[in-house]
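Coordinate inspection notes
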Amino acid sequence: MRILLYNPDNGVTRNFMPHLWMFLLQSLTPPGHEVILIDGNAQPMDEEAIARYVREQKIGLVGIGAMTRMVAKAYRMADAIRATGVKVVMGGPHVTEEFEEALGRNGGPRHADAVALGEADETWPKIVADAARGELKEVYAPVDEFGQERKPKLEDYPAIPWDTMNLDQFNLVPKFLAPLLRRVPQEWGTFRIVPVESGRGCPYGCEFCTVTGFFGDSIRFRSNESVVNELLMLKARAKNERGQIAVFFIDDNFAINVKRTKSLLRAIIAANAQVYWVAQISANLLRDEELVDLIAASGGIWIFIGMESIDPANLAAVNKGFNKPGEYAAVLDRLAQRNVFAITSFIFGMDNDTPGVAERTLQAIRSWAPGLPVFGLLTPLPGTPLYTKLEAAGRLTRPKHWLEFKAFAMAHTPVKMTIDEAHVEVRYAWDHAYSPQAIAHAVHSFAHKPVSYRINILISRICFRGIYFPQMNFMAWVKVIAENRRTIFELVKEAFQTDWGAQPAIPVNAVAAASHGNPETEQPRPS
């Protein structure tokens, strides 16, 4: 068969990072089948276009994975594909929790011929074999001989052939710039952000998060050798293409086992496998000075930290009391001293939030080392303790909010503010955190560092601005550049007057936080 693996666009911005599940399932597909990957963020398609594609390319099976906020688009695309007579398999955290919805068993329309529940490392080869024989079942679940859920071990992780895989759709360098950028000292003919996982699972069980429910609270790791070999392969490919590459470790909490993480980082350094990388790490784990030293030495440039709130009462209420707001400044300073910076995520609309929460949060942010703050609204995702609690309390205003996805829109009633007030707060936070004045302040706070660092924070801030204010066309970019022209001019002038100083860290594309534009921490996985 020719198999299409499709991931819909994220519904917020075109900036993106590829989803790992597609690459992993491609590697797990039995021999004899051809697998094609399409990411809707890189190759926008509507229903008519995808239906035409599967007909013209003679696709025999389509696998669709989507997080909750993408699932309405995923359903529409699946409907269009099924109308051509091609079978559709759907999976992921949302479909795992709402598989009856996908199969049309709850009174709504049917969108999938089959669903893959949970992690599909073991079930995907069975799905392909059954589809090839015309014997596709409706539900595939990873269970043992006793009917108990079985989590795949990662010791025998499949080798993803990054060296030979067609990654053209994921190159972030515009084609017209590539010939010029191949000639600059750093060689930027291509630039890709590639997802890599070193482990799965999280024991914390935050109330709003889907991770523990989907991947479990038992942490599983790949071998150091396996991860290092993957990084070496990616590094070699970038060199051969005279380009650059950055890795996003999509582990739910990259340093959840600090001893193991230190071991992995030492192995990366010893093998000279350093690439620029980004990862998600809880603030409480970054107290460890040696860990932060190793992060910097191994290529870490940005750390995503789910701070969520500066109010301890809010954190305790969502089972995230291990976060200590009083430690946030020290954590960010510890990273900044090593030229590692933070993407900090905040959630508004928690039960202890009141009007003015955005400005109170911004006041704290302004006192910290500059980074990339991201703001979202508390979102009850199906299968989470938060959803169950709000449903029982009758506080859900849009129980099936994913079927009418609205970016940055609440689906339940907060306790100490109205829904409209919560919307005002998140708008205020984005407006003021990414205003030309705020961007200039962040850039100038790096006055003691080479100009390359200031260029890094400028580009990163402008990219991250696009999460809430999508820069979707040429005129939108012109407007942003015009608004920040003074800061841009100052940096360009200084760059031409100096030798650019130290090598700049690669600015993280907006996708590094786009999956957190809403507080939805489910990660793209094999599903």
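Located above this text is the structure these notes cover.
I will try to describe carefully the structure that is included in this document. Worth saying up front: this structure is predicted, and the values here are computed from it rather than measured.

About the criteria used
Throughout this document, residue positions are counted from 1 along each chain, in the order its sequence is written. Local features in this predicted model are restricted to residues whose pLDDT is 70 or higher, and side-chain atom pairs enter the listing and the counts only when it is 80 or higher, whereas totals over whole chains, interfaces and linings include all residues. Heavy atoms throughout the structure, all of them, feed into the side-chain values; hydrogens and water do not. Each reported salt bridge corresponds to a side-chain nitrogen of Lys or Arg within 4 Å of a carboxyl oxygen of Asp or Glu. For the purposes of this entry, the term helix denotes a DSSP run of H or I that reaches at least four residues, the term strand denotes a run of E that reaches at least two, and both are numbered from the N terminus. The buried label goes to any residue with under 20% of its type's maximum accessible area, the exposed label to any with over 50%, and the partly exposed label to all in between, with areas taken from a 1.4 Å probe on protein chains only. Should DSSP find at least two bridges between two strands, the strands are regarded as paired. Here, axes are lines fitted to C-alpha atoms. For helices the fit covers the stretch in contact, and angles between N-to-C directions go from 0 to 180 degrees. What makes a crossing left-handed is the near helix being turned counterclockwise from the far one by less than a right angle; a clockwise turn instead makes it right-handed. Contacts: residue pairs with any heavy atoms within 4.5 Å of one another. Note on residue classes: Ala, Val, Leu, Ile, Met, Phe, Trp, Tyr, Cys and Pro are nonpolar, Asp, Glu, Lys and Arg are charged, and everything else, Gly too, is polar. Among buried residues, those of type Ala, Val, Leu, Ile, Met, Phe, Trp, Tyr and Cys that are joined through side-chain atoms within 4.5 Å constitute a nonpolar core. Here the term patch refers to residues with relative accessible area over 30% and no salt bridge, with like charges joined within 9 Å and nonpolar side chains (Val, Leu, Ile, Met, Phe, Trp, Tyr) within 5 Å. To measure how exposed things are, a 1.4 Å probe is used in the Shrake-Rupley method; for residues, cover is taken only from the protein chains shown.

With respect to the pattern of salt bridges
Side chains that differ in charge, positive against negative, can pair when their charged atoms come close. Inspection of the entire model under this criterion finds 38 salt bridges. A salt bridge links arginine 266 to glutamate 290, with the nearest nitrogen and oxygen atoms 2.9 Å apart. A residue pair is termed long-range when its members are at least 10 positions apart, and arginine 266 in helix 10 (residues 258-270) and glutamate 290 in helix 11 (residues 289-297) qualify at 24 residues. Taking relative accessible area as the criterion, arginine 266 reaches 41% and is therefore assigned partly exposed. Linked by salt bridges that have partners in common, Glu119, Asp121, Glu149, Lys151, Glu197, Arg200 and Arg220 make up one network.

Section: the pairing of strand 14 (residues 372-377)
With 6 of 6 residues buried, strand 14 lies mostly within the body of the structure. Across the two faces of strand 14 the burial is the same, with Leu372, Val374 and Gly376 and Pro373, Phe375 and Leu377 all buried. Alignment of strand 13 (residues 341-348) against strand 14, held across 6 bridges, turns out to be parallel. Bridge pairing in strand 14 places phenylalanine 346 opposite phenylalanine 375.

So, the packing of helix 14 (residues 357-366) against helix 16 (residues 419-433)
Close contact between helix 14 and helix 16 brings their axes to 8 Å; oriented N to C, the two are set at 30°. Where helix 14 crosses over helix 16, the handedness of that crossing is right-handed. Counting all contacts with helix 14, which are made through Val357, Ala358, Glu359 and Leu362, the residues of helix 16 involved are Glu425, Tyr428, Ala429, His432 and Ala433. Of the residues contributing to the contact of helix 14 with helix 16, the split by class is 6 nonpolar, 1 polar and 2 charged.

Comments concerning the nonpolar core
Among the nonpolar cores identified, the biggest contains 121 residues, and Leu286, Ile305, Phe375 and Trp430 are the most heavily contacted of them. When residues of this core are assigned to their parent elements, the largest contribution, 9 residues, is made by helix 18 (residues 451-468). Those residues in contact with isoleucine 305, other than ones at most four positions away along the chain, are Ile281, Ala283, Leu286, Val331, Leu332, Leu335, Ala342, Ile343, Thr344 and Ser345.

Examining the pairing of strand 2 (residues 34-39)
For a regular strand, side-chain orientation follows a simple rule: the groups alternate between the two sheet faces. Counting buried residues along strand 2, 5 of its 6 residues qualify, which places the element largely inside the surrounding structure. In the sheet, strand 1 (residues 2-7) pairs with strand 2 via 6 bridges, with the strands oriented parallel. From the neighbouring strand, asparagine 7 faces strand 2, where its bridge partner is aspartate 39.

Brief notes about a nonpolar patch on the surface
A cluster of nonpolar side chains, contributed by Phe474, Met475 and Val478, occupies part of the molecular surface with about 340 Å² of accessible area. As for its position among the elements, valine 478 is in helix 19 (residues 474-483). Judged by its relative accessible area of 34%, valine 478 is partly exposed.

Regarding the sheet that holds strand 6 (residues 139-140)
Strand pairs in the sheet, formed through backbone hydrogen bonds, run parallel or antiparallel to each other. Read across the open sheet, the 6 strands follow the order 2-1-3-4-5-6; overall the sheet is parallel. Of all strands in the sheet, those with a lone pairing partner are strand 2 and strand 6, marking the two edges. Where strand 1 meets strand 3 (residues 61-65), 4 bridges bridge the pair, whose relative direction is parallel. Residue leucine 4 lies in a different strand from strand 3, and its bridge partner there is valine 62.

Quick look at the environment of threonine 344
Along the chain, threonine 344 falls in strand 13. Distance in space between the C-alpha atoms of threonine 344 and lysine 449 is 22 Å, their sequence separation being 105 residues. What threonine 344 contacts, discounting residues up to four positions off in sequence, is Ile305, Met307, Leu332, Leu372, Pro373 and Val374.

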